[in-house]
Amino acid sequence: MLLPDGLIYKNDNLKNERIATLKRTFVVLTILLLALTATFGVANATPVDELTTLAEYAPEGAPVFVTVRTDAGYFETLDGLVGSLADDLGLNNPDLLIEAPGVTDVIDQLLNDLLPLPYGGTFEDDIRPWLGDNIAFMVTSTEMAVGDPSLGAVAAIAVSDEDALRAWLEDYYAQASPGTVEVIEDDSMLLYQSQSDFNASTLLVDGVLFVGLASAFEGLVMPGDDVVTLAQTSEFQDAVSALPEDDYNIL
């Protein structure tokens with residue numbers, strides 16, 4: 001639950017509600033990704049080496065890593081499939097005022113759940129202008145995966161227009177109450193760090209926007225870090241090499 005005057009929780013009930021929201025979001029995201037994996041082939045898909053670029057930021061032992069392409073054409077195809085399935089299942093029923101949501105509607109709801117302040121925008125107006133070619137979801141440590149994977153989940157979003165993203169972040173965080181978000185910036189990164197342990201922070205570095213709890217960011221591999229990334233492990237490379245196709249929409 002979000003407080004109208006900022007990010008700091010007044011009692012444990014509100015903190016517990018926020019944790020429940022993170023868990024719900026993680027479950028919805030997992031189900032959505034599994035559904036896409038089960039229903040989509042590789043027509044007009046993306047080469048594997050392009051789709052897995054965000055694995056360079058995942059730690060060597062990341063227990064969860066899923067990536068999906070985000071271009072408008074793919075989302076339109078997804079919407080068409082979801083609409084067709086909804087028709088077959090009788091979910092689009094004007095008499096009952098029921099209509100299956102589109103992919104961008106789901107993303108808007110996820111943003112409302114994940115972001116620390118009221119979102120209030122739309123994907124097409126606020127996110128699409130700076131969105132890059134793919135987005136990845138990862139859990140940054142085995143300990144978090146065993147304990148509560150929702151608390152270790154990080155979204156890594158490729159950015160196509162960094163200036164547009166910076167302008168959006170500035171406008172978005174302008175609604176935060178004083179002292180609830182710390183802004184840290186240098187030549188290599190821009191961090192909006194929530195002062196609540198259970199609200200998401202946002203980190204822009206190397207043309208990628210990371211969204212998650214600040215504690216989960218500690219497991220990310222940043223440019224210049226002298227550590228092995230998930231993409232460099234033989235297990236990851238072998239798994240990618242073993243894929244039967246060269247192009248995919250989601251991995």
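Residues numbered from 1 in each chain as written. Predicted model: local features only at pLDDT ≥ 70, side-chain atom pairs only at ≥ 80, totals over all residues. Heavy atoms only, no water.

Chemist: Explanation requested: the sheet that holds strand β7 (residues 201-205) in the structure shown.
Modeler: Pairing between the strands of a sheet is mediated by backbone hydrogen bonds and can be parallel or antiparallel. Strand order in the open sheet formed by 7 strands is β2-β3-β4-β8-β7-β6-β5, with antiparallel pairing between adjacent strands. At either margin of the open sheet sits one strand with a lone partner, and together these are β2 (64-69) and β5 (181-185). Across the sheet, the mean angle separating the axes of adjacent strands is 15° when strand polarity is ignored. Across 5 bridges, β5 lies against strand β6 (residues 189-194) in antiparallel orientation. Residue pairing for β6: V183 is matched across the bridge by Y192. Docked against the sheet, helix α7 (residues 162-173) engages β4 (153-159), β5, β6, β7 and β8 (208-212), running at close to 160° with respect to β7. (Pairing = 2+ DSSP bridges. Helix = DSSP H or I, 4+ residues; strand = E, 2+ residues; numbered from the N terminus. Axes fitted to C-alpha atoms, helices over the stretch in contact; angles between N-to-C directions. Contact = heavy atoms within 4.5 Å.)

Chemist: So what exactly am I meant to see when it comes to the pairing of β8 here?
Modeler: Across a regular strand the side chains alternate sides, sitting on one face of the sheet and then on the other. The buried fraction of β8 is high, at 5 of 5 residues. Along β8, one buried face is formed by V208, F210 and G212 and the opposite face, lined by L209 and V211, is buried too. As defined by bridge partners, β4 adjoins β8 across 5 bridges and the pair is classed as antiparallel. Each residue of the ladder has a partner; that of A156, found in β8, is F210. In the sheet, β7 pairs with β8 via 5 bridges, with the strands oriented antiparallel. Paired with L203 across the two strands is F210, which belongs to β8. Here β7 folds back onto β8 in antiparallel fashion, the turn holding 2 residues, of which D206 has a positive phi close to 60°. (Buried < 20%, exposed > 50% of the residue type's maximum accessible area, 1.4 Å probe, protein only.)

Chemist: Help me understand the nonpolar core in this model?
Modeler: Here is a general trend for soluble globular proteins: nonpolar side chains tend to be buried in one another's company. With 28 residues, the main nonpolar core has I127, W130, L165, W168, L169 and L209 as its most contacted residues. Every element with two or more residues in this core is listed here: α4 (103-114), α5 (123-127), β3 (131-139), β4, α7, β6 and β8. Counting residues per element, this core draws most heavily on α7, at 5 residues. In this structure L165 touches W130, V159, L204 and L209, once residues within four positions along its chain are discounted. Counting residues in each nonpolar core, the second largest holds 23 residues, with Y57, F65, A216 and L230 among its members. (Core = buried A, V, L, I, M, F, W, Y, C linked by side-chain atoms within 4.5 Å.)

Chemist: Which parts of the structure should I look at to understand α7?
Modeler: Because each turn of an α-helix spans 3.6 residues, side chains separated by three or four positions in sequence point in the same direction. The terminal C-alpha atoms of α7 lie 16 Å apart, and with 12 residues this matches the ideal 16 Å at 1.5 Å per residue to within 8%. Of the residues making up α7, those classed as buried are L165, W168, L169, Y172 and Y173. Considered in projection along α7, the buried side chains sweep an arc of 115° and stay on one side of the axis. With respect to the buried face of α7, the exposed residues turned more than 90 degrees away are D163, E170 and D171. Between a side-chain oxygen at the N-terminus of α7 and the backbone nitrogen of D163 the separation is 3.3 Å; the capping residue is D161. (Expected span 1.5 Å × (residues − 1). Arc of directions from axis to C-beta. Polar contact = N/O pair within 3.5 Å; in protein donor to acceptor, adjacent residues only side chain to side chain.)

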